[in-house]
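# An overview of the molecular structure
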Amino acid sequence: MSTENLPQSPEQPPRKPRVAVVFGGRSSEHGISVVTAGAVLKAIDRTKYDVLPIGITQDGRWALTADEPERMAIVDRRQPSVDLLAESAEGGVILPVDPANREVVYSEPGSVPKALGEVDVVFPVLHGPYGEDGTLQGLLELSGVPYVGSGVLASAVGQDKEYMKRVFTSFGLTVGPYVVIRPREWERDEAAARKKIVDFAGEHGWPLFVKPARAGSSIGITKVDDLPGLDEAIAEAQRHDPKILVEAALRGREIECGVLEFEDGPRASVPAEIPSPETHAYYDFEAKYIDSTPGLVPAPLTPEETAQVQRLAVDAFEAASCEGLVRADFFLTEDGEFVINEINTMPGFTPISMYPQMWQASGVSYPELVDRLVQAALRRSTGLR
């Protein structure tokens, strides 16, 4: 029998890649992560990708959330939270742990679990511990799901300021003077640990910056001008991380540079300069996200200085074995030397954040930036690489 005149079934269009945007998390940077997710959800090309927003509450529950970017903003100086966006107070999203199965499941008490479909790539916009530090990346490696950004090792190195500096030093990058106080040192002999900091101040002078060793967004950081302010600064840093880092103040200009993974490798953006904020002691959390102190993009540098900081930013990216994206932060000292302060493997990604602004000035719009990051993740496999 001829099939020539039988009606032909139309071909099914190819399925769009499904991107799970994971945000929130258990760190003190929860709110900024939600703001970042709102910007990504607004910018991602819905004609090219299906999108599944998944929020992690501050107590660690994975929640199905509304796809409503307009609700993910700082309003009246108040940060958003996943709890306010979750579709249920009890339901949870479960990622597969079988690399052969990428189907995400949603479960509520007393209800039959509901399949949410397969996920092709995860865009984790979490900041700080339990998300940016290699923990989530390890889970995704076990699940066999590609993801945006650096792998387990680079994420862990990028989160721990002590080991980040050790890696940079081993690769010949210049870092500023610092001292670390680990939890066991403090517990074993608090007086000796405090003296270690006081001796450091005696060698390098005041002011000092006392920081949580594994936090970001300038949370928990105190600029300490003299000895009487030290104990309070230590307590504030330890509120966010039992391991603290103390840095000598460097005299110079704050310069940032973005790195983005292209098909032919990482490239650096035009750099930006962070001017000293008029109403803040330094570029702290409020200056960054609440009062939105503007940066200078591009930074007023000579062509030679621009080329040098771009090279150093890519060197830092390579030294820590990063992937996808990095924001590298430097001081340009009064004697003309670039000193690397830190890298962020998942930098602030709101429209007012410096990383997107630097790439906008480099000719890569925010939507194109999001697309390039997703495409870079889709090109990579999980596992050893």
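To keep things clear, this report deals only with the structure shown in the data block. (Residues numbered from 1 in each chain as written. Predicted model: local features only at pLDDT ≥ 70, side-chain atom pairs only at ≥ 80, totals over all residues. Heavy atoms only, no water.)

## Quick word on the nonpolar core
Membership of the largest hydrophobic core comes to 35 residues, with the highest contact counts inside it found for Val-21, Phe-23, Phe-123 and Phe-349. Among the nonpolar cores identified, the runner-up in size contains 28 residues, and Val-326, Ala-328, Phe-330 and Ile-343 belong to it. (Core = buried A, V, L, I, M, F, W, Y, C linked by side-chain atoms within 4.5 Å. Buried < 20%, exposed > 50% of the residue type's maximum accessible area, 1.4 Å probe, protein only.)

## Brief notes about the sheet that holds strand S11 (residues 244–248)
Within the open sheet, the four strands sit side by side as S8-S11-S9-S10. Their pairing is antiparallel. Two strands close off the open sheet at either side, each with one partner strand: strand S8 (178–181) and strand S10 (222–224). Put simply, the sheet's adjacent strands are angled 25° from each other on average, direction ignored. Where S8 lies against S11, four bridges are found, and the strand directions are antiparallel. In the strand pairing of S11, Val-180 is matched with Leu-245. Across the sheet, helix H7 (residues 190–204) is in contact with S8, strand S9 (208–212) and S11; its angle to S8 comes to roughly 175°. Along the sheet, helix H8 (residues 230–240) makes contact with S9, S10 and S11, crossing S9 at roughly 25°. (Pairing = 2+ DSSP bridges. Helix = DSSP H or I, 4+ residues; strand = E, 2+ residues; numbered from the N terminus. Axes fitted to C-alpha atoms, helices over the stretch in contact; angles between N-to-C directions. Contact = heavy atoms within 4.5 Å.)

## Quick word on empty space enclosed by the protein
One pass over the full model with this rule turns up two cavities of 30 Å³ or more. Taken together, Pro-124, Leu-126, Gly-131, Glu-132, Gln-137, Val-148, Gly-149, Ser-150, Ser-155, Thr-345 and Met-346 make up the lining of the largest cavity. When its residues are assigned to classes, the lining of the largest cavity shows four nonpolar, six polar and one charged. By volume, the second largest cavity amounts to about 30 Å³. Along its surface, the second largest cavity is lined by Pro-146, Tyr-147, Ala-377, Arg-380, Ser-381, Thr-382 and Arg-385. Looking at side-chain class alone, the lining of the second largest cavity contains three nonpolar, two polar and two charged residues. (1 Å grid on protein atoms, 1.4 Å probe; cavity = no way out; pocket = protein on both sides within 12 Å on 5 of 7 lines; lining within 4 Å. Points joined across faces, edges and corners; volume = space filled by probe spheres on them. Nonpolar A, V, L, I, M, F, W, Y, C, P; charged D, E, K, R; others polar.)

## Some remarks on the side chain of Ser-155
Here Ser-155 is to be found in helix H4 (residues 152–159). Here the side chain of Ser-155 touches Gly-151 through a polar contact of 2.7 Å, landing on its backbone oxygen. With sequence-adjacent residues up to four places away left out, Ser-155 is seen in contact with Glu-132, Asp-133, Gly-134, Gln-137, Ser-150 and Thr-345. (Polar contact = N/O pair within 3.5 Å; in protein donor to acceptor, adjacent residues only side chain to side chain.)

## Side note on the pattern of salt bridges
Should the charged atoms of two oppositely charged side chains come close, the side chains can pair. By the definition in use, this model includes 30 salt bridges. Put simply, Lys-16 and Asp-50 hold a salt bridge, and the shortest N to O gap is 3.5 Å. Of this pair, Lys-16 sits in the segment before strand S1 (18–24) while Asp-50 sits in strand S2 (residues 50–56), placing them 34 residues apart in sequence. Classification of Lys-16 by relative accessible area gives partly exposed; the value is 28%. With a closest N to O distance of 2.9 Å, Glu-68 and Arg-71 form a salt bridge. A relative accessible area of 28% places Glu-68 in the partly exposed class. (Salt bridge = Lys/Arg side-chain N within 4 Å of Asp/Glu carboxyl O.)

## Some words on the pairing of S2
Burial within S2 is extensive, with six of its seven residues counted as buried. In this structure, S1 lies alongside S2, joined through seven bridges in parallel fashion. Paired with Val-21 across the strands is Pro-53, a residue of S2. Taking the sense of rotation as the criterion, the β-α-β connection linking S1, helix H1 (residues 30–43) and S2 turns out right-handed. Here S2 pairs with strand S3 (residues 62–64) via three bridges, running antiparallel. When the sheet's bridge partners are listed, Gly-55 is paired in S3 with Ala-63. Where S2 folds back onto S3 in an antiparallel hairpin, the turn is made up of five residues, including Gly-60, whose phi is positive at roughly 95°. (Right-handed = clockwise from strand over helix to strand, strands pointing away.)

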